[in-house]
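# Analysis of the macromolecular model
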Protein chains: 2
Amino acid sequence: MLTRAQEKLVRGLGQRGRREDERLFLAEGVRVVEELLDAGIVLRFALASSALEDTERGRALARRLAAAAPVHQVSGGELNRMAGTRGPQGVLVVAEIPPASLADLQPGATPLALVLDGVQDPGNIGTLTRTAAAFGCGLVACLPGTVDPWNPKSVRASAGALFRLPVVTVPVDELWAWLGAHGFRVLGADAAGLPVRDRPPGRRAALVVGNEGGGLTTPVRDRCDALVAVPMRGRTESLNVAVAAGILLYELSRGAD
Amino acid sequence: MLTRAQEKLVRGLGQRGRREDERLFLAEGVRVVEELLDAGIVLRFALASSALEDTERGRALARRLAAAAPVHQVSGGELNRMAGTRGPQGVLVVAEIPPASLADLQPGATPLALVLDGVQDPGNIGTLTRTAAAFGCGLVACLPGTVDPWNPKSVRASAGALFRLPVVTVPVDELWAWLGAHGFRVLGADAAGLPVRDRPPGRRAALVVGNEGGGLTTPVRDRCDALVAVPMRGRTESLNVAVAAGILLYELSRGAD
């Protein structure tokens, strides 16, 4: 039986402030919750509706959930009302945001990091994190002005990458100090930058991407070691920020062989 | 004054069937409507709320709209209720889907085309079209099972690319006949494919991307000349379909120099 306090908590976790206060987030849907369990994220409790029992995969997940945390049965209508996005597929969980801080983080063999400077669309943040994981980034850092990566839409779009990669929200000075101490060259994504294949060499690179409409903020742009662009041969078209970051990380990951 | 019939039309255009019957679509937001006018798309009528007068850019757009089509003033609340997505920024228009058919299309100097095989997310379709435009594709072709590219969310995510590029919905046989007649090599995006830099050579390439979860359908995969992948060096991570297509089109556009 779900208590009133738990119901209030679930509704509250749609808001960034409440997520930050509680250090908790919402995840929903069979695949996302499977990935969350695979990654060893700590669950507080789960809500399940009868829809979860409709498939063999859903039933297997229900058994795993029962072993991991208290599971409350709710109606499909209730679940839809409490979910952060459409289509929770019969399951919604409240889980702990994995602790991540720069002070504890060693880049190790990791040659790449991704930095977000004012990215506003939660779906883009999730897709950017997924892309960072695919190209072996050891860190995703969100600068002030960037949307919360633990937004339900971002969690869904990340396809589990948020559970596997350290994701920190950090002031500019602190991040630059850490990047400098670990020998990262900082490359800002900017249409006026060098073609990415002509970038200055370096063992480690941090790629900084900016806001969907406005690009990098001036203070951040000014602190980059170089600006890099996806060459598009004189066209006036632009790319979605996650697509541009994907191409740049693809090139940077090749250069880092 | 908006008539009842016009109001019904606007609401109906949220549905694919009605868009296809009427050959009309909805576009909203200052930037999207500017791009639509720039591209010479034919407007039936526009709805504007007082919010459009809040900025100089909005007022300039209001003047352009007044010269292009009947403009009906509505309240901000009414506009929000009729809009297909959040945040219409004071403007919503009903416009004609630009006619595009393979029979009339000559690839000319265009070395690339993008084919969508069962892509389901409207945002992805829009982002894919935007990416195709950025890399000089001469065509976006949607196979059966793909979401309607004229969905309001797709229109918004395309950042105007839908207005500038021929976008057709077409059966497999007809598309393959056209691609064959114009010397396109057909490359399917598949994680098990060749690294894209090792693809077979060819003057023209059509890249086919599949469903977000399931990839290419079997009949389409079987008809591709080769399968290509983004090399990710043994990782189990996957990429969002628009990011993967972006990297593949980037590589194909370089090969086509």
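In this text the structure is predicted, and so the values were computed from the model without any measurement.

On to the packing of aromatic side chains. How two aromatic rings sit relative to each other is given by the distance of their centres and the angle of their planes. Enumeration according to the criterion identifies eight aromatic pairs over all chains in this entry. Each ring, one from phenylalanine 25 of chain B and one from tryptophan 150 of chain B, has its centre 4.6 Å from the other, and the planes form 50°; the classification is tilted. Residue phenylalanine 25 of chain B is located in strand 1 (residues 24-28), and its partner tryptophan 150 of chain B is located in the loop between strand 6 (140-142) and helix 7 (152-157); the two are separated by 125 residues in the primary sequence. For phenylalanine 25 of chain B, a relative accessible area of 0% puts it in the buried group. Cluster of aromatic residues (ring-pair linked, three or more members): Phe25, Trp150 and Phe163 of chain A.

Further remarks concern the packing of helix 3 (residues 30-38) of chain A against helix 4 (residues 56-68) of chain A. Residues and elements named next belong to chain A. Put simply, helix 3 and helix 4 touch, their axes get as near as 11 Å, and they point 40° apart. With respect to helix 4, the axis of helix 3 lies oblique. For helix 3 against helix 4, the interelement crossing comes out left-handed. Contacts between helix 3 and helix 4 pair Val30, Arg31, Val33, Glu34, Leu37 and Asp38 from the former with Arg57, Leu61, Arg64, Leu65 and Ala68 from the latter. By residue class, the composition of the contact of helix 3 with helix 4 is six nonpolar, no polar and five charged.

All names here are of chain A. Within strand 2 (residues 43-48), five of the six residues are buried, leaving the element largely enclosed by the surrounding structure. Bridge count for strand 2 against strand 3 (residues 71-73) is three bridges, and the pairing is parallel. Following the sheet pairing, alanine 48 is matched in strand 3 by glutamine 73. Read from strand 2 through helix 4 to strand 3, the crossover connection turns out right-handed.

In this section: the environment of proline 219 of chain A. Relative to the helices and strands, proline 219 of chain A is located in helix 10 (residues 218-223). In the structure, proline 219 of chain A is positioned 178 residues away from isoleucine 41 of chain A in sequence and 35 Å away in space, judged by C-alpha atoms.

Time to look at helix 9 (residues 172-181) of chain A. Each full turn of the α-helix corresponds to 3.6 residues, which orients residues three or four apart in the same direction. Residues and elements named next belong to chain A. Among the residues making up helix 9, those that are buried are Leu175, Trp176, Trp178 and Leu179. Buried residues in helix 9, looked at end-on, bunch into an arc of 160°, giving them a common side. For helix 9, exposure combined with an orientation more than 90 degrees from the buried face picks out Asp173, Gly180 and Ala181. In the core, the buried residues of helix 9 are packed alongside strand 5 (112-117), strand 6 (137-142), strand 8 (184-195), strand 9 (204-210) and helix 10. Directly beyond the C-terminal end of helix 9, a positive phi value near 70° is found at glycine 183.

Turning next to the sheet that holds strand 7 (residues 167-169) of chain B. All names here are of chain B. Strand order in the open sheet formed by six strands is 7-6-5-9-8-10, and the pairing between neighbours is parallel. Looking at which strands have only one partner, the edges of the open sheet turn out to be strand 7 and strand 10 (226-229). Direction aside, the axes of adjacent strands within the sheet are offset by 30° on average. Relative to strand 10, strand 8 (residues 184-195) runs parallel, the two being bridged by five bridges. Residue pairing across strands places alanine 189 opposite valine 228, the latter belonging to strand 10. The sheet strands contacting helix 6 (residues 122-134) are strand 5 (112-117), strand 6, strand 7 and strand 9 (204-210), and the helix crosses strand 5 at an angle near 170°. Packed onto the sheet, helix 9 (residues 172-181) meets strand 5, strand 6, strand 8 and strand 9 and runs at close to 110° relative to strand 8.

A separate point is the interface of chain A and chain B. Interface size is commonly expressed as the accessible area that is lost once the parts come together. Across the boundary between the two partners, chain A contributes 29 residues, which contact 29 residues of chain B. Summed over both partners, the interface of chain A with chain B buries about 2600 Å², with 49% contributed by carbon and sulfur atoms. Broken down residue by residue, the surface that chain A buries against chain B is led by Arg130, Glu237 and Tyr250 of chain A, which jointly contribute 21%. The tally of links between chain A and chain B comes to two salt bridges. The salt bridge involving arginine 197 of chain A is made with glutamate 251 of chain B; its shortest N-O contact spans 3.7 Å. Taken together, the links from chain A to chain B amount to six residue pairs in polar contact (both at pLDDT 80 or more). Secondary structure elements with two or more residues in the side of chain A that touches chain B: helix 6 (122-134) and helix 11 (241-255) of chain A. Here the side of chain A that touches chain B takes eight residues from helix 11 of chain A, the largest share from any one element. Tallied by class, residues from the side of chain A that touches chain B come to twelve nonpolar, seven polar and ten charged.

With 96% of its residues at a pLDDT of at least 70, chain A reaches an overall mean of 92. Across the interface, the model reports ipTM at 0.92; the global pTM reads 0.93.

It is worth spelling out the relation of the copies chain A and chain B at this point. Once chain A is rotated about the relating axis by 180° and shifted along it by 0.0 Å, it coincides with chain B to within an RMSD of 0.0 Å. Considering both components of the superposition, the chain copies are consistent with a two-fold axis. Interface overlap between copies: 100% of the residues of chain A at the interface are likewise at the interface in chain B, consistent with a symmetric, same-surface contact.

Of the residues making up helix 1 (residues 4-12) of chain A, those classed as buried are Gln6, Glu7, Leu9, Val10 and Gly12 of chain A. Where the residues of helix 1 of chain A are buried, they touch helix 2 (16-22), strand 1 (24-28), strand 2, strand 3, helix 5 (76-82) and strand 4 (91-96) of chain A.

With that out of the way, let us pick up the environment of valine 30 of chain A. Residues and elements named next belong to chain A. Within the fold, valine 30 resides in helix 3. For valine 30, a relative accessible area of 10% translates into the label buried. Ignoring anything within four residues of it in the chain, the contact list for valine 30 reads Leu52, Arg57, Leu61, Gln89 and Val91.

Let us now look at the state of the cysteines. When the sulfur atoms of two cysteines share a covalent bond, that bond is a disulfide. Residue and element names in this part refer to chain A. Tallied over the full model, the rule gives zero disulfides over all chains. No disulfide involves cysteine 137; its nearest neighbouring cysteine sulfur is the one of cysteine 142, lying 12 Å away. Of the residues examined, cysteine 137 reaches a relative accessible area of 5% and is grouped as buried. Free of any disulfide, cysteine 224 has its nearest cysteine sulfur in cysteine 137, 15 Å distant. With relative accessibility at 13%, the residue cysteine 224 sits in the buried group.

Thresholds, definitions, all that
Residues numbered from 1 in each chain as written. Chains lettered and ligands numbered in written order. Predicted model: local features only at pLDDT ≥ 70, side-chain atom pairs only at ≥ 80, totals over all residues. Heavy atoms only, no water. Phe/Tyr/Trp six-rings, centres within 6.5 Å; stacked < 30°, edge-to-face > 60°. Helix = DSSP H or I, 4+ residues; strand = E, 2+ residues; numbered from the N terminus. Buried < 20%, exposed > 50% of the residue type's maximum accessible area, 1.4 Å probe, protein only. Axes fitted to C-alpha atoms, helices over the stretch in contact; angles between N-to-C directions. Parallel < 35°, antiparallel > 145°, perpendicular 65-115°, else oblique. Left-handed = near helix turned anticlockwise from the far one by under 90°. Contact = heavy atoms within 4.5 Å. Nonpolar A, V, L, I, M, F, W, Y, C, P; charged D, E, K, R; others polar. Pairing = 2+ DSSP bridges. Right-handed = clockwise from strand over helix to strand, strands pointing away. Arc of directions from axis to C-beta. Buried area = accessible area lost by both parts, 1.4 Å probe. Salt bridge = Lys/Arg side-chain N within 4 Å of Asp/Glu carboxyl O. Polar contact = N/O pair within 3.5 Å; in protein donor to acceptor, adjacent residues only side chain to side chain. pLDDT = per-residue confidence, 0-100. Least-squares fit on C-alpha atoms with pLDDT ≥ 70 in both. Disulfide = S-S within 2.5 Å.

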